[in-house]
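So you can see what is in the structure, the chains are spelled out below.
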Protein chains: 2
Amino acid sequence: MLASKNFAPLIKDTPAEAEVISHQLLLRSGMIRKVASGIYNWLPLGFKTLKLVENIVREEMASTGSQEIFMPMVQPRDLWEDSKRWDKFGPELLRFKDRHERDFCLGPTHEEIITDLIRNNLSSYKELPLSLFQIQTKFRDEIRPRYGIMRGREFLMKDAYSFHLNQECLNNTYQTIREAYKAIFNRLGLEYKIVKADSGAIGGEISEEFHVLAESGEDTLAFSEESEIAINAELLINEKESIDSLQGKTFPDSQEEIKLAKGIEVGHIFQLGNVYSSAMNATVLDENGNRQALQMGCYGIGVSRIVAAAIEQNHDDKGIIWPKNIAPIQISILPIFKESSDKTFIFAEKLYKDLSKLGLRVMLDDRQERFGKKITESELVGSSYAVVIGKSYTENKTIELISRNGDKTELKDSEIEKFLIKAFQ
Amino acid sequence: MLASKNFAPLIKDTPAEAEVISHQLLLRSGMIRKVASGIYNWLPLGFKTLKLVENIVREEMASTGSQEIFMPMVQPRDLWEDSKRWDKFGPELLRFKDRHERDFCLGPTHEEIITDLIRNNLSSYKELPLSLFQIQTKFRDEIRPRYGIMRGREFLMKDAYSFHLNQECLNNTYQTIREAYKAIFNRLGLEYKIVKADSGAIGGEISEEFHVLAESGEDTLAFSEESEIAINAELLINEKESIDSLQGKTFPDSQEEIKLAKGIEVGHIFQLGNVYSSAMNATVLDENGNRQALQMGCYGIGVSRIVAAAIEQNHDDKGIIWPKNIAPIQISILPIFKESSDKTFIFAEKLYKDLSKLGLRVMLDDRQERFGKKITESELVGSSYAVVIGKSYTENKTIELISRNGDKTELKDSEIEKFLIKAFQ
C-alpha cells in the first residue's frame, strides 16, 4: 500500500477516553474508531490485523477436522426457551422484538442454534463425532463496556461446537482442539498460559481458559516459566496475604519459581456434557438402538480481543510492536526525496513492487514528508522493519534497516531484498 | 473433504416451504437450514460457496484501490437522526433499545456510519478521493421474507462508499467500480445485465443495478444479446399490451431482437451526490479554502443473494450446476469398493490427495454406498466433475469422467490427473 492513499487517521495526543494502552494505540494509529459505547469501526490497518488473526484461527481449526459454517446473529426466543436460558441469561443478552412483535435476541453465543441444527439434522450415530465452527460477529450488552475492543459489546469471535456419543470421544476432540489452540497462539507469536476455569454462563463441567500474558489483564495469574499451566494467583494466598507477597516464592508442589502477570482471557474450551442436548432433546440412537443425549464440547476464541491483547503484550513508548505474523505492515519503505524522479524514490518504488509481489505486506511512504515524521509513524503502527533510503543511498548505495525493536543494520542496496525475504520466511 | 465426514444433511423430497428452485436445492443439498423466518444457517458446502463469492468480490474491489474496513451491525439512533432517516426509514429498519434504554438499530446499510467516520477523520481534501468497502452481515426486517436466502432478513453484503471533492471525480470512481462489477460477474461465471435504476431508500441521482438473468427474477428485463444494458420490460409496452407481446419484436431504437428474462438484482451502484454529506455536515476545505460538502458514491453487492441467483440461473432437474469458480466441490471422486484395500479405493485415495494438494476442491466419496446414490448426490450438490473408479478400472485401467452437464469421457488412469488440472486452470 501507498502511505499517501492509506486511510489511517492518526491522533497525536493520548485520547482521554482510553484507559489501557491497546485502546490508546489502536486509536492513535488510526486502526479503530468508536461508533457508540463498546461499538467500533475497524479501519484498514486494524482490519488487516483482524483478518490475519482470523485466518490463523481458521486454518488451525480446519486442521482439526472441524468444518466451517455460518450461523445468524439474530436468534429467535423459542430456542432460548428450549435451553431455559431466555430467563436465566442476564441483561447482557440483548432482547428485542421484530416488526411482528416476535421476540429475538442478538447472539452472544450459539449453543441454542447449533444444538437445534444438530437435533434436526443428525440421522445416525455413525456421523459422530462432528465438529463445526464459525467466525462471526457477536453482541453482549455489557453494562459498562471499556478498554476499547478488549471489552466491547459487538465483537468478532470464533466459536466451535463438537458432538459425541460418549465422554471418551468428547475428551479426544477436546484434547485435539486444545492442541490446535496452542498452535494458534504460537503462530500468533503471543506468550500465553492455560488456566483451569469456572464454566460460568455457558455451563458444563470441565473447562480451561487461554490467557495472553500482559500487565493490564483483568486477573493476576501465577505461573512458572516451565509449565504451560497457570493458576489464578488468589488461590495461592490466604486472606491476610497480598498477591505481591508471592514475589520470589516457589510453587508449593514444585520447586519452580512463581511468576506473576495480569492474564487476558482470549480463549475458553468447555466439555459441556449433555447440559444442552438434554434440555433441547438432541439425541441419537446408539449402536444398540438406545436413545442417547449427545455429549457436547464448545470452544471459543475472541478474535477481535486478541488484537488488543497482542498490543497489551507487545508495545513500547513509541507504539505497537506487532508479532510478525499479524503485523498489518511488515516492511515500511521510507525514501527521502524531493521529486519522484530522485534516485532514492526510484529505488524505493522498485523495492516496494518486488517485495509486494512476493506477498509481503509492504508500505511505501510516497509522501514528501521529513524523515522524522515517517519513522515516527512507522513505529506507531508497529511495522516490523523500516527501510531508510536517503543520503547514504545517494552517496554510497547503502541502506539503513531499522527493526521495530531498534536494531539498526547497514546493507548494500543489492543485499536488502534477500535480507528481508529471509526475515519473513 | 471426505464424504463420510462432510456435514451435508440431504433432503429427498422438495421441502414444502420452498417456492423457488434455489431455495429448494439449497435445502435439499444440505447447504442451508432455516433458523427463523428469513434467517438461515449456512452449512459447510453452502458456506464454502459463500466464501468463494466473497473472495472474488473482495479481490476485485481491492483492485480498484478501495480499502477494506469493518463497521458495526448495531448502530446508534443519533447518527440516523442526523441523516433524517430514523423516522423516514420504514419498519424494515429494526429499531430496539439497549439495557440503558438507548435507541439503536440493526444496520440494513451503512451511509450514516461511514459519513460520520469521514466527517470526523478527514483532515484535508488532499486525502480525496477515498474509497472504502466492507463485507458484512446486514439486517432488513422484511414484512414477508421469502425465497430462502434470496429475500432473507439477515444477509451478507459488500458495501462500498467513495468520497470526492467534485462530481467529475465521483464519476471517475463510479465508472471504475462499474468496471470492477463487470469483472466480478464475469469471474462468477454468471450472465448479467445492467439496468438503469430508481435510487429508492438510499437517495441520490444516478444509479444502476446489476441483474443476474434467470426465469424466477422479480422483474422482467428486456435486453439484446449484443448490449450489456437491459431495461425493465414494462417500459416497452403500453397499458393494453402484455409483456409477452414483446416476443419476436426488435428494440425501437435499434434493429436488435428483444430477449426477455425475469432479472435478480444482485448489485446496485449509486452516485449519491451530497445528500448525506450535507445532512450530516461532512465537509472539507477545498484548495481555495472554501468549505465544500463531500460528493459521495455508494456501491452494494448482495453476496449471499448471489449464491441463490447463481442457482436460479444454473440448475437442471438433477440439482445445482455451479459455475466452476464458485463450486464448493469441483471434483467428486467416486470409487466403487467393498474393502478399503480394493484397487479402486487405493487409486481414488491417491488421486484425491494429489488433486487436493494442488488446491482443487475435491470430495472423495469414501462411503460404502452403491454407485447410483453417489452419482445422484454429486449431481445434486453441483460438483463440476464426477470421476467414476469402478469395474472398468479393475478390468482395464480406464476411468469414466462425467461432467455436470452430462458429457462422458473415458480416460486411461494415467491421463486423468492431467485432464482435470487442465480443466480447472
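In case you missed it, the structure is sitting above this.
Keep in mind it's a predicted model, so treat the numbers as computed, not measured. (Residues numbered from 1 in each chain as written. Chains lettered and ligands numbered in written order. Predicted model: local features only at pLDDT ≥ 70, side-chain atom pairs only at ≥ 80, totals over all residues. Heavy atoms only, no water.)

Asker: Would you take a moment to explain the overall build of chain A for this structure?
Answerer: For chain A, the helix and strand inventory stands at 12 helices and 24 strands. Overall, the C-alpha framework of chain A stretches about 85 × 55 × 45 Å when taken along its three principal axes. When the 425 residues of chain A are sorted by exposure, 59% land in the buried category. Restricting the contact set of chain A to residue pairs at least 6 apart, pairs at least 24 apart contribute 67%. Accessible surface computed for chain A: about 18200 Å², of which carbon and sulfur atoms make up 46%. Of the charged side chains in chain A, 55 are positive and 65 negative; the average position of the first set lies 6 Å away from that of the second. (Helix = DSSP H or I, 4+ residues; strand = E, 2+ residues; numbered from the N terminus. Buried < 20%, exposed > 50% of the residue type's maximum accessible area, 1.4 Å probe, protein only. Contact = heavy atoms within 4.5 Å. Areas by Shrake-Rupley, 256 points an atom, 1.4 Å probe, with all protein chains shown as cover. Lys, Arg positive; Asp, Glu negative; His and termini not counted. Charge placed at Lys NZ, Arg CZ, Asp CG, Glu CD.)

Asker: How should I be thinking about the relation of the copies chain B and chain A in this particular structure?
Answerer: Both copies of the chain are tied together by a single rotation about an axis and a shift running along it. Structural alignment of chain B on chain A gives an RMSD of 0.0 Å, achieved by rotating through 180° and translating 0.0 Å along the axis. This pairing of chains is accounted for by a two-fold axis. Identified as the residue of chain B closest to the rotation axis by C-alpha distance is B:F96, at 3.0 Å. Comparing contact sets, 100% of the residues at the interface of chain B also lie at the interface in chain A, consistent with an isologous, same-surface contact. (Least-squares fit on C-alpha atoms with pLDDT ≥ 70 in both.)

Asker: What should I look at first to understand the environment of A:R178 in this one?
Answerer: Residues and elements named next belong to chain A. For R178, the location among the structural elements is in helix α6 (residues 167-188). As a C-alpha pair, R178 and V387 span 209 residues in sequence and 39 Å in three-dimensional space. Leaving out residues up to four positions away in the same chain, R178 has contacts with I194, E208, F210, E228, I229 and I269.

Asker: Looking at this structure, how should I read the packing of aromatic side chains?
Answerer: Aromatic ring pairs are defined here through the distance separating the ring centres and the angle between the ring planes. All names here are of chain A. Taken as a whole and assessed by the stated rule, the structure comprises 24 aromatic pairs over all chains. Aromatic ring contacts, followed pair by pair, group Y181, F185, Y192 and F210 into a single cluster. When the ring centre of W86 is taken as reference, the NZ or CZ atom of R95 above it lies at 5.4 Å. (Phe/Tyr/Trp six-rings, centres within 6.5 Å; stacked < 30°, edge-to-face > 60°. Lys NZ or Arg CZ within 6 Å of the ring centre and 35° of its normal.)

Asker: Sorry, what's going on with the pairing of strand β14 (residues 264-273) of chain B here?
Answerer: For a regular strand, side-chain orientation follows a simple rule: the groups alternate between the two sheet faces. All names here are of chain B. Across the 10 residues that make up β14, a large majority, 9, are buried. Where strand β10 (residues 206-212) meets β14, 7 bridges bridge the pair, whose relative direction is antiparallel. Bridging across to β14, F210 finds its partner in G267. (Pairing = 2+ DSSP bridges.)

Asker: I tried to follow the interface of chain B and chain A on my own but got confused; where do I start?
Answerer: By a widely used convention, the size of an interface equals the accessible area lost when the partners come together. With 52 residues of chain B at the interface, the matching set in chain A holds 52 residues. The contact between chain B and chain A buries some 4500 Å² in all, and 62% of this surface belongs to carbon and sulfur atoms. Taken as a group, B:F7, B:F70 and B:R99 account for 18% of the area that chain B buries against chain A, more than any other trio of residues on that side. If you look at where chain B meets chain A, you find 4 salt bridges. In this structure, B:E92 and A:R99 form a salt bridge, with 3.3 Å as the shortest nitrogen-oxygen distance. (Buried area = accessible area lost by both parts, 1.4 Å probe. Salt bridge = Lys/Arg side-chain N within 4 Å of Asp/Glu carboxyl O.)

Asker: What is the right way to look at helix α1 (residues 21-28) of chain B in this model?
Answerer: In an α-helix, one turn spans 3.6 residues; hence positions three or four apart end up facing the same way. Residues and elements named next belong to chain B. In terms of burial, α1 is largely enclosed, as 7 of its 8 residues are buried. Those residues of α1 lying buried are S22, H23, Q24, L25, L26, L27 and R28. A positive backbone phi angle near 70° is found at G30, which sits one or two residues after α1.

Asker: Please explain the sheet that holds strand β6 (residues 103-106) of chain B as it appears in this structure.
Answerer: Pairing between the strands of a sheet comes from backbone hydrogen bonds, and it takes one of two forms, parallel or antiparallel. All names here are of chain B. Across the sheet, 3 strands lie side by side as β4-β6-β5; this open sheet has antiparallel pairing. Of all the strands in the sheet, the pair left with one neighbour each is β4 (74-76) and β5 (95-97). Recorded for the sheet is a direction-independent mean angle of 40° between the axes of neighbouring strands. Across 3 bridges, the pairing between β5 and β6 is antiparallel. Following the sheet pairing, R95 is matched in β6 by C105. (Axes fitted to C-alpha atoms, helices over the stretch in contact; angles between N-to-C directions.)

Asker: Would you mind going over the pairing of strand β23 (residues 398-403) of chain A with me for this structure?
Answerer: All names here are of chain A. The element β23 is extensively covered by neighbouring structure, given that 5 of its 6 residues are classed as buried. The pairing of strand β22 (residues 385-389) with β23 spans 4 bridges and is antiparallel. Residue pairing in the sheet places V388 in a bridge with E400 of β23. Two strands pair when backbone bridges link them, and β23 and strand β24 (residues 408-412) are joined in this way by 5 bridges, in the antiparallel orientation. Residue T398 lies in a different strand from β24, and its bridge partner there is K412.

Asker: Where do I start with the sheet that holds β24(A) in this structure?
Answerer: Residue and element names in this part refer to chain A. With respect to topology, 5 strands assemble into an open sheet ordered β21-β20-β22-β23-β24, the strand pairing being mixed. At either end of the open sheet lies a strand with only one pairing partner, and these are β21 (362-364) and β24. Averaged over all neighbouring strand pairs, the angle between strand axes comes to 20°, with direction disregarded. Those strands touched by helix α12 (residues 416-423) are β20 (331-335), β22, β23 and β24, and its axis lies near 175° from that of β22.

Asker: Hey, could you run me through the pattern of salt bridges in this one?
Answerer: Oppositely charged side chains can form a pair if their charged atoms are brought close together. All chains considered together, the criterion is met by 62 salt bridges over all chains. Across the pair A:D354 and A:K350 runs a salt bridge, and its minimum N-O distance is 2.7 Å. You can see A:D354 and its partner A:K350 sitting in helix α9 (residues 343-357), 4 residues apart, about one turn around the helix. Across the pair B:R77 and B:D103 runs a salt bridge whose closest N-O atoms are separated by 2.9 Å. Highlighted residues: B:R77 in helix α3 (residues 77-82) and B:D103 in strand β6, separated in sequence by 26 residues. Within the structure, one salt-bridge network assembled from shared partners comprises A:R178, A:E179, A:K182, A:E208 and A:E228.

Asker: Sorry, what's going on with unusual backbone geometry here?
Answerer: Excluding glycine, residues mostly have negative phi values, and the peptide bonds linking residues are mostly trans. Residue and element names in this part refer to chain A. Going from L128 to P129, the amide bond is cis rather than trans, its omega being -5°. A positive phi angle, near 70°, is found at K84, a position not held by glycine. We classify K84 as exposed; its relative accessible area is 52%. For E101, which is not glycine, the phi torsion reads 65° and is therefore positive.

Asker: Would you explain the side chain of B:E154 in this entry?
Answerer: Mapped onto the elements, B:E154 comes out in strand β8 (residues 154-164). No salt bridge is formed by the buried B:E154; the nearest opposite charge belongs to B:R153, separated by 8.3 Å. Here A:M73 takes part through its backbone nitrogen, which lies 2.6 Å from a polar atom of the side chain of B:E154. Apart from the residues within four sequence positions on either side, B:E154 is in contact with A:P72, A:M73, A:V74, B:G38, B:M73, B:T137, B:K138 and B:F139. (Polar contact = N/O pair within 3.5 Å; in protein donor to acceptor, adjacent residues only side chain to side chain.)

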